[in-house]
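Letter by letter, the chains look like this.
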Amino acid sequence: MKRFRKLFNFILFIGIQCITSFVSVNAQNYGLKFYGHDVTLDRRTELDLTPKRLLDFKEEFEISFEYKPDYKHGDPFGYIFRIVNKNDVNIDLLSTPTPNNQLNIVIGNTNSILHGPDISDYNEKWLNIRVKFNLLEDKIIWYTPDSFYVHNNIGFNKQEEVKIIFGANNYKQFKTTDVPSMSIKNIKLYEKGKLKYHWALSLREGTIVKDKIRNAEATVNNPSWLMLNHQTWQTELEEEFDGDVQIAYDINNGLVYILSQNNYQIFKALDKSLETYNYKQKPEFFNSSYKAIYNETDNKIYSYVVDSSWPTFSFDVSSGEWDNTEFVTDESSVFRHHNSYFDVNDNSILSFGGYGLHSYNNIVRKIDLNTSNKIDIETDSPIYKPRYLAGLGVLNDTVYIFGGYGSESGNQLINPHSYYDLIGYSLKTGTFFKKFEVPHVIDDMVVGSSIFIDSKTRNFYALVFEKSLFDGYLQLTKGSLDSPELESVGNTIPFQFLDIRSSADLFYIKEQNKLYAYNIYLTESGKTQLAIHSISFPPDQLNLSVLPINEGKYWPWILLLIVVFGIAVIVLLIRKKTIKPQVGSVSDDFLKQPLISDLVSEIETIKYHIIFFGGFQVFNKEYKDITNKFSPLLKELFLLIILNTLRNNKGISSEKITEILWFDKSEKSARNNRAVNTARLRTILSEIGNCELSKKTGYWKILFEDDSVKSDYIDFIEISTLKNNQTRDNILRLLQIAKKGAFLQNVQYSWLDEYKASVSETIIDTLVNYAYSCEINKESEFIIQLADSISNFDLVNEDAMILKCRAEYCMGKHSMAKSTYLKFYKEYKLMYGQDYDRTFLDILDLKDI
């Protein structure tokens, strides 16, 4: 039964890994976006599959990939790929705008052109492309979803070495900067029908891409990773204006109107341009109480205040004229940070809630833009409690209000707090209804003024932030209209919040399939700072492991995998009864391996606050998991500082942090980002215990005031510094730490590689040195377990093999010792391409046993 249980667990583990891998890959938006004619020549994208050497093929090879054109950005003309053999004969796949948006293959310097399909309908859609090179017959076959094209006499040989480049290139006489705006993913190369290389292009960052089959490296210049675009906000605009600013947006045309006291500007999201225009007459009424909305029916912007005594102004976008500019008031609105819904059918605005004069309200007021009349609408107010700083979105005939800050009485002095509810308001019946409460993703949560609701999925997206922080951040969250869930998606946006001086909003531009966020802050000097950011839709979680298993569309595949692995268990059980397992087989080795858990069970388990081995985790003083408070950026910042602190007690400089995390930012922007994130990090560290973020020496360090804060990495360092003076308890503690998994498993940064390598080497050296110090005649079983533990870190470790062989031989298990040697011998030859130069008798060294 024990052997069966181990076998079943092994197969189950493999099955889960397959399921996890499948769901993860299929759930994410990934690929490489190529910058083309929409940017300058030196910023265009190149993907070189053969940076170090040409790829060799015999008789036949095929290249396939997924291609998505983007006709909205620049000229569609350009090279999708160029394949050049060692004799400089080239085959090119091009996108051409005439006569239609067509794909063509050009063969060498001849006039031979394969005119492919018109792919106008594939804009922003993935198209599967396959090109097969029949080297024996010197021809190519080009497959598209609807047809195929053949061309003979291409000038290739029966055995070829080729260079393959997508987009721009600087290779010999073939260099070009003609690149169409496009996206590519899942490049596969087959030889005689067998998959030889596969570059998925599923990175979030970096310029080196490794294929999944042979680990072959491809290089990228000027990449724009789609996975990053779905996870990271891109800064589209940062500007400063004199005085107050009002923002309105036309989502259908991708226009953001920025109205200031002296002029108005139009930001065009599609080409990221900013144009400035002068008013026909300067508006005198401008102050922070006014809010603007755009009316697409008359192409006007309406500037309004909810308070009943204040007029509403309209601005004609086409002519640059205000209908009235003379009204001036020093009054302060009592409806600041209210929510509003523009009803295009009767040209009116419904406002909800707001704050002023130390009071929150839950008034619903209708503003008629034709007459400027304002009337209050009676509602069942107990459901909609007084609040401001909430988010509002509309689906069909229902207005949804999410979160906010207020109190049940409306009095600011009596128990003000954040709301975590989702409320609906029926436009037909004029009544409120409560949907549910959502999880508390952050403390003191408030919401940007608008939420976006995806009508297809009924998911909603909201910008949330912490009300009590001045140097804070905006976090995009994803919820559902149908279930009480809320999760963070995308990274954060730096945000300075000071009540009426700050605001944030969210909107969706369908033509670009992007969410846009803007945030403004009015400084004490009277300057308004505006930032506009965008993220591709739908935004992804930054933790890219797996989507929830209840994603219905994956269940058939998951069930299929479960059935397959169930059958595998039955087959293996039957075979186990009838067939003697071969020496060195995978299942046999798995069943023979001693469990590390048996080895370390005598050691007391320590509860750690900060865990590095097996996956990054952080717990607070009460051992509650708070890992989700670390955004990917904050996690990398934390690891940069703590690892540099623990390595040499020196820490890391601000300049080095900027070089790694914000190399693409201006000095001012990098400084702001650093200030925001170090403030957030200090807050989290205070939850962990007696540790602080310090810069007293000029370097950033994380200091522990006492040993109350436990970390497995700190224990590892203390054990490893003892060198050859190890005790058995220390070794067991080290194994207990390492059994959880590799150091910072699933955390990938280029700067982290040296730490990971150092940790693995230290563990191996420590275990090897201790194993050699053991008395082989008395501790053979213990040495075998140590050897197996070493092999978990280094499959072809010579010392581990020697130790295990000697221990098994000493126990009288001679054939098992020989099997251990032969298994190592085969794996050594497979890895290094040569025979292991020591014989079985050499490594036994019988005179010492």
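Sequence order as written defines the numbering, with residues in each chain counted from 1. Restriction of local features to residues with pLDDT of at least 70 applies here, the model being predicted, together with a cutoff of 80 or more for giving and counting side-chain atom pairs; totals for whole chains, interfaces and linings are based on all residues. Only hydrogens and water are set aside; all other atoms, that is, all heavy atoms of the structure, feed into the side-chain values.

Undergrad: Go over helix H6 (residues 632–648), please, and point to the residues and values.
TA: Between its terminal C-alpha atoms H6 stretches 25 Å, which fits the 24 Å expected from 17 residues at 1.5 Å a residue. For the exposure calls, accessible area comes from a 1.4 Å probe over protein chains only, and a residue counts as buried if that area is under 20% of its type's maximum, exposed if over 50%, partly exposed in between. Comment: elements are numbered from the N terminus, with helices defined as DSSP H or I runs of at least four residues and strands as E runs of at least two. Where H6 is concerned, the buried positions are Leu634, Glu636, Leu637, Phe638, Leu639, Leu640, Ile641, Ile642, Leu643, Asn644 and Thr645. The first or second residue beyond H6 is Asn649, which carries a positive phi of 60°. Each residue after the first adds 1.5 Å to the expected span of a helix.

Undergrad: Pulling in residues and values, what's your account of the packing of aromatic side chains?
TA: Between rings of Phe, Tyr and Trp, where Trp is taken as its six-membered ring, a pair exists when centres lie within 6.5 Å; planes separated by under 30 degrees are stacked, by over 60 edge-to-face, and by other angles tilted. A full pass over the atoms with the stated rule returns 56 aromatic pairs. Judged by centre distance (4.5 Å) and plane angle (25°), the ring pair of Phe452 and Tyr508 falls under stacked. With Phe452 in strand E36 (residues 445–453) and Tyr508 in strand E40 (residues 502–509), this pair connects stretches of sequence that are 56 residues apart. The class of Tyr508 is buried, set by a relative accessible area of 16%. Where Phe616 meets Phe630, the ring centres are 5.5 Å apart and the plane angle is 90°; that geometry is what we call edge-to-face. Taken together, the residues Phe616 in the loop between strand E43 (610–611) and strand E44 (617–618) and Phe630 in the loop between E44 and H6 connect sequence positions 14 residues apart. Comparing Phe616 with Phe630, the two get one shared label, buried. Taken together, the ring pairs connect Tyr821, Phe824, Tyr825, Tyr828, Tyr836 and Phe840 into an aromatic cluster. We note Arg387 situated over the ring of Tyr419; from NZ or CZ to the ring centre the distance is 4.1 Å. Here, over-ring charges are defined by two tests on the NZ atom of lysine or the CZ atom of arginine: distance to the ring centre within 6 Å, and angle to the ring normal within 35 degrees.

Undergrad: Just give me the short version of the pairing of strand E21 (residues 263–268), but keep the residues and values in it.
TA: A pair of strands is considered paired only if DSSP assigns at least 2 bridges between the two. Of the strand pairs in this sheet, strand E20 (residues 255–260) and E21 are connected by five bridges, and their pairing is antiparallel. Looking across to E21, one finds that Leu259 is bridged to Tyr264. A loop of two residues connects E20 with E21, the two strands running antiparallel in sequence. Linkage of E21 to strand E22 (residues 273–278), two consecutive antiparallel strands, is achieved through a turn of four residues, within which Lys272 is found at a positive phi near 60°.

Undergrad: Tell me about unusual backbone geometry, residues and numbers included.
TA: Glycine aside, negative phi is the norm for most residues, and most peptide bonds take the trans geometry. Put simply, Phe537 and Pro538 share a cis peptide bond, and its omega is 0°. Here the phi dihedral of Asp88 falls at roughly 65°; this positive angle occurs in a residue that is not glycine. Relative to the helices and strands, Asp88 resides in the loop between strand E5 (78–85) and strand E6 (90–96). Assessed through its relative accessible area of 25%, Asp88 is described here as partly exposed.

Undergrad: Describe the packing of helix H9 (residues 712–720) against helix H10 (residues 728–738), and please don't skip the residues or the numbers.
TA: For any two helices packed against each other, the geometry comes down to the angle between their axes and how far apart the axes lie. Following both chains from N to C, one finds H9 and H10 inclined at 145°, their axes separated by 10 Å at the closest point. For the crossing formed where H9 meets H10, the hand is left-handed. Along its contact with H9, which presents Asp712, Asp715, Phe716 and Ile719, the element H10 presents Asn730, Arg733, Leu734 and Ile737. Residue type decides the class: Asp, Glu, Lys and Arg count as charged, Ala, Val, Leu, Ile, Met, Phe, Trp, Tyr, Cys and Pro as nonpolar, and the leftover types, Gly among them, as polar. When its residues are assigned to classes, the contact of H9 with H10 shows four nonpolar, one polar and three charged. To get an axis, a line is fitted to the C-alpha atoms, and for a helix only the part in contact is used. The angle between two axes follows their N-to-C directions and goes from 0 to 180 degrees. Here is the rule for handedness: rotate from the far helix to the near one, and if that takes an anticlockwise turn smaller than a right angle the crossing is left-handed, while a clockwise turn gives right-handed. In this description, contact between two residues means that some pair of their heavy atoms is separated by no more than 4.5 Å.

Undergrad: For the sheet that holds strand E18 (residues 234–242), give the residues involved together with the corresponding values.
TA: Spatially, the four strands line up as an open sheet ordered E18-E42-E41-E40, and their pairing is antiparallel. Since the sheet does not close on itself, it has two edges, and those belong to E18 and E40, each with one partner. Each adjacent strand pair in this sheet contributes to an overall mean axis angle of 15°, direction not counted.

Undergrad: If you had to explain the confidence of the model for the chain to someone new, which residues and values would you point to?
TA: By definition, pLDDT measures how confident the predictor is in each residue, and it falls between 0 and 100. Looking at the chain as a whole, its pLDDT mean stands at 83, while 87% of the residues score no less than 70. Counting interchain partners and residues more than four positions distant, the pLDDT-below-50 stretch residues 1–27 has 38 contacts. Throughout residues 575–597 the model reports pLDDT below 50, and contacts reaching past four residues in sequence, or to other chains, amount to 27 contacts.

Undergrad: I'd like a rundown of helix H14 (residues 814–832), residues and numbers included.
TA: The end-to-end C-alpha distance of H14, which contains 19 residues, comes to 27 Å, matching closely the 27 Å that a straight helix rising 1.5 Å per residue would cover. Looking only at H14, the buried set comprises Ala817, Ser819, Thr820, Tyr821, Phe824, Glu827 and Tyr828. Residues of H14 that are buried in the fold lie against helix H13 (798–810) and helix H15 (840–844). Positive backbone phi, at 75°, marks Gly833, one or two positions downstream of H14.

Undergrad: Describe the packing of helix H11 (residues 753–773) against H13, with residues and values.
TA: At a minimum axis separation of 10 Å, H11 and H13 run at an interaxial angle of 25°. It follows from the interaxial angle that H11 and H13 lie roughly parallel. Classified by chirality, the crossing of H13 by H11 is left-handed. Residues Val768, Ala771 and Tyr772 of H11 lie in contact with H13, whose contacting residues are Asp799, Ile802, Leu803 and Arg806. Residues belonging to the contact of H11 with H13 are distributed by class as follows: five nonpolar, no polar and two charged. Working rule for angles: under 35 degrees goes down as roughly parallel, over 145 as roughly antiparallel, 65 to 115 as roughly perpendicular, anything else as oblique.

Undergrad: Requested: an account of the sheet that holds E22, with residues and values cited.
TA: Pairing in this open sheet of four strands is antiparallel, and the strands run E19-E20-E21-E22 from one edge to the other. Of all the strands in the sheet, the pair left with one neighbour each is strand E19 (245–250) and E22. Ignoring which end each strand starts from, the neighbouring axes of this sheet average 20° apart.

Undergrad: Explain the nonpolar core to me, using residue names and the numbers behind them.
TA: Core analysis: the biggest nonpolar cluster contains 66 residues, and Phe612, Phe638, Leu639 and Leu643 have the highest contact counts within it. The contacts of Phe612, once residues within four sequence positions are left out, are Leu639, Ile642, Leu643, Ser711, Asp712, Tyr713, Ala742, Phe743, Leu744 and Gln745. Working definition of a nonpolar core: buried Ala, Val, Leu, Ile, Met, Phe, Trp, Tyr and Cys residues. They are joined through side-chain atoms within 4.5 Å. Counting residues in hydrophobic clusters, the runner-up holds 46 residues, among them Ile80, Leu127, Phe166 and Leu201.

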